[in-house]
Amino acid sequence: MEIPAKVLEIAEGIKTMRIRGAGRIARAAAEALKIAAENYKGPNDPGEFRKYMSRIANLVISTRPTAVSLPNAVIYVMYNLGKASGNVEELKRIVVSTAEKFIEESLNAVKKIGMIGARRIKDNAVVLTHCHSTAAASVIITAYKMGKIVKVYSTETRPFYQGRITYKHLSEHGVPVTQIPDSAVRYIMNEVDQVVVGADTIASNGAVVNKIGTSQVALVAHEARVRVFVAAETYKFSPATLIGELVPIEFRPPTEIVPQEWIDKHRNVEVLNPAFDVTPPEYIDAIITEQGVIPPQSAILVLLERFGWALEKIKQGGLGKILFEETLEE
Ligand SMILES: O=P(O)(O)OC[C@H]1O[C@H](OP(=O)(O)O)[C@H](O)[C@@H]1O
């Protein structure tokens with residue numbers, strides 16, 4: 001059965017970063033599964049429906065490698081499909097309702113993070129953020145509305161310039177934002193009271209994988225004794241890291257840094273575009289989740305609570321096989 005055009009459009013949108021941000025791509029993935037189920041027109045056979053959904057799940061997961069929110073969203077839906085029994089119509093309903101539940105919980109989590117995180121912002125704070133994170137913005141906007149924030153420094157975040165999205169997002173809520181180049185972070189850090197960033201993936205040891213440059217921001221903040229907060233929903237914690245798997249770092253096309261003509265002219269120059277880096281737990285003061293504020297060293301507890309059910313299965317093999325075993329096997 002053909003994959004619905006709308007699903008292909010979402011997959012392409014995630015790949016090209018028209019749809020971006022760890023939370024947003026997770027919600028888009030859930031939406032893609034929902035649309036796929038609603039548009040299933042294959043044989044009236046539950047086995048065929050499961051195979052079809054597995055293809056969609058694999059397609060969605062393959063779009064971007066680093067943010068674990070994406071496979072975690074797919075796992076959430078596919079695991080429930082795997083457990084369910086019934087005819088095709090019943091299975092479709094399971095996919096649709098779990099996808100909707102994931103999206104709703106995800107949006108609620110962002111709001112809760114805003115309220116919980118805002119309590120940690122000091123009065124008259126100058127805050128610095130990097131890239132564009134919906135979760136970090138939620139903390140900043142909530143704290144601003146509480147009258148706590150006087151100024152936000154937002155990095156440009158080269159090469160994709162997500163800082164411009166942050167600027168627009170925060171400005172729309174009245175937050176005074178100053179854009180700075182990424183290279184000005186150390187210069188400006190003297191004026192900063194607190195750093196708030198998002199996360200794409202959090203490992204079981206509390207290391208945070210986030211937009212390239214985050215680890216430099218955290219290092220500079222550490223040197224200046226400025227606290228670093230990471231705002232992240234619990235579906236950004238990576239269950240695979242419980243068994244020692246490393247988080248893959250996405251390398252994006254060099255043309256996001258320099259135009260193709262430049263590359264053609266300078267054939268002997270290699271242009272690298274790593275999209276994420278890893279900030280060790282020692283450089284993070286707290287992770288703000290929808291369930292509360294934790295030290296990074298407690299990431300393992302979040303993982304055991306949220307994904308403990310999967311641990312035995314994870315130990316038996318790769319994440320894909322395990323979590324989708326009933327559903328993904330073709
Ligand atoms: O879920 P929210 O908090 O919005 O975003 C989390 C993170 O996702 C983004 O990745 P990209 O811009 O998609 O590469 C940034 O690294 C950002 O900090």
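Residues numbered from 1 in each chain as written. Predicted model: local features only at pLDDT ≥ 70, side-chain atom pairs only at ≥ 80, totals over all residues. Heavy atoms only, no water.

- An unreviewed UniProt entry annotates the protein as Ribose 1,5-bisphosphate isomerase originating from Staphylothermus hellenicus.
- As stated in UniProt under Catalytic activity (unreviewed entry), the record for the protein gives "alpha-D-ribose 1,5-bisphosphate = D-ribulose 1,5-bisphosphate". (UniProt positions renumbered as here; feature names shortened; annotations may be inferred.)

### Describing a nonpolar patch on the surface
Right, on to step 1. The grouping of Ile 300, Leu 301 and Leu 304 at the surface amounts to a nonpolar patch, some 250 Å² of accessible area in total.
Right, on to step 2. Looking at the element boundaries, Ile 300 is found in helix α11 (residues 299–307). (Patch = residues over 30% accessible without salt bridge, like charges linked within 9 Å, V, L, I, M, F, W, Y side chains within 5 Å. Areas by Shrake-Rupley, 256 points an atom, 1.4 Å probe, with all protein chains shown as cover. Salt bridge = Lys/Arg side-chain N within 4 Å of Asp/Glu carboxyl O. Helix = DSSP H or I, 4+ residues; strand = E, 2+ residues; numbered from the N terminus.)

### As for helix α4 (residues 69–83)
A turn of α-helix holds 3.6 residues, and therefore any two residues three or four places apart point the same way.
Right, on to step 1. Here α4 contains 15 residues, and its C-alpha end-to-end distance of 21 Å stays within 8% of the 21 Å for a straight helix at 1.5 Å per residue.
Right, on to step 2. Of all 15 residues making up α4, 13 are buried, and the element is well covered by its neighbours. (Expected span 1.5 Å × (residues − 1). Buried < 20%, exposed > 50% of the residue type's maximum accessible area, 1.4 Å probe, protein only.)

### Concerning the site of the ligand
Right, on to step 1. Not every one of the 19 residues close to the ligand is listed here, only the nearest: Gly 23, Thr 134, Asp 200, Asn 210 and Lys 211.
Right, on to step 2. Side-chain polar atom of Arg 20 to an oxygen atom of the ligand: 2.7 Å apart, as the coordinates give it.
Right, on to step 3. A distance of 2.8 Å is found between an oxygen atom of the ligand and a backbone nitrogen or oxygen belonging to Gly 21.
Right, on to step 4. Here the ligand, which alone exposes 450 Å², has 99% of that area covered by the protein.
Right, on to step 5. Within the residue set of the shell around the ligand, elements represented by two or more residues are α2 (22–38), α6 (134–145) and β6 (208–211).
Right, on to step 6. Each of two domains, domain 1 (5–110 + 309–328) and domain 2 (112–306), supplies a minimum of three residues to the shell around the ligand. (Near = heavy atom within 4 Å. Polar contact = N/O pair within 3.5 Å; in protein donor to acceptor, adjacent residues only side chain to side chain. Domains from an automatic or database assignment.)

### Overview of the domain arrangement of the protein
Right, on to step 1. Along its sequence, the protein is carved into domain 1 (5–110 + 309–328) and domain 2 (112–306).
Right, on to step 2. Domain 1 and domain 2 are separated by 26 Å when their C-alpha centres are compared.
Right, on to step 3. The interface is formed by 26 residues belonging to domain 1 together with 34 residues belonging to domain 2.
Right, on to step 4. Carbon and sulfur atoms supply 59% of the area that domain 1 and domain 2 bury against each other, a total of about 2400 Å² over both sides.
Right, on to step 5. Considering only the side of domain 1, the residues that lose the most area to domain 2 are Arg 20, Thr 66 and Val 110, jointly responsible for 27% of the buried surface there.
Right, on to step 6. Counting every contact that joins domain 1 to domain 2 gives one salt bridge.
Right, on to step 7. Measuring nitrogen to oxygen at the nearest pair gives 2.9 Å for the salt bridge that ties Arg 64 to Glu 250.
Right, on to step 8. Put simply, domain 1 and domain 2 have 17 residue pairs in polar contact (both at pLDDT 80 or more) between them.
Right, on to step 9. Taken together, the residues of the side of domain 1 that touches domain 2 break down into 14 nonpolar, seven polar and five charged. (Contact = heavy atoms within 4.5 Å. Buried area = accessible area lost by both parts, 1.4 Å probe. Nonpolar A, V, L, I, M, F, W, Y, C, P; charged D, E, K, R; others polar.)

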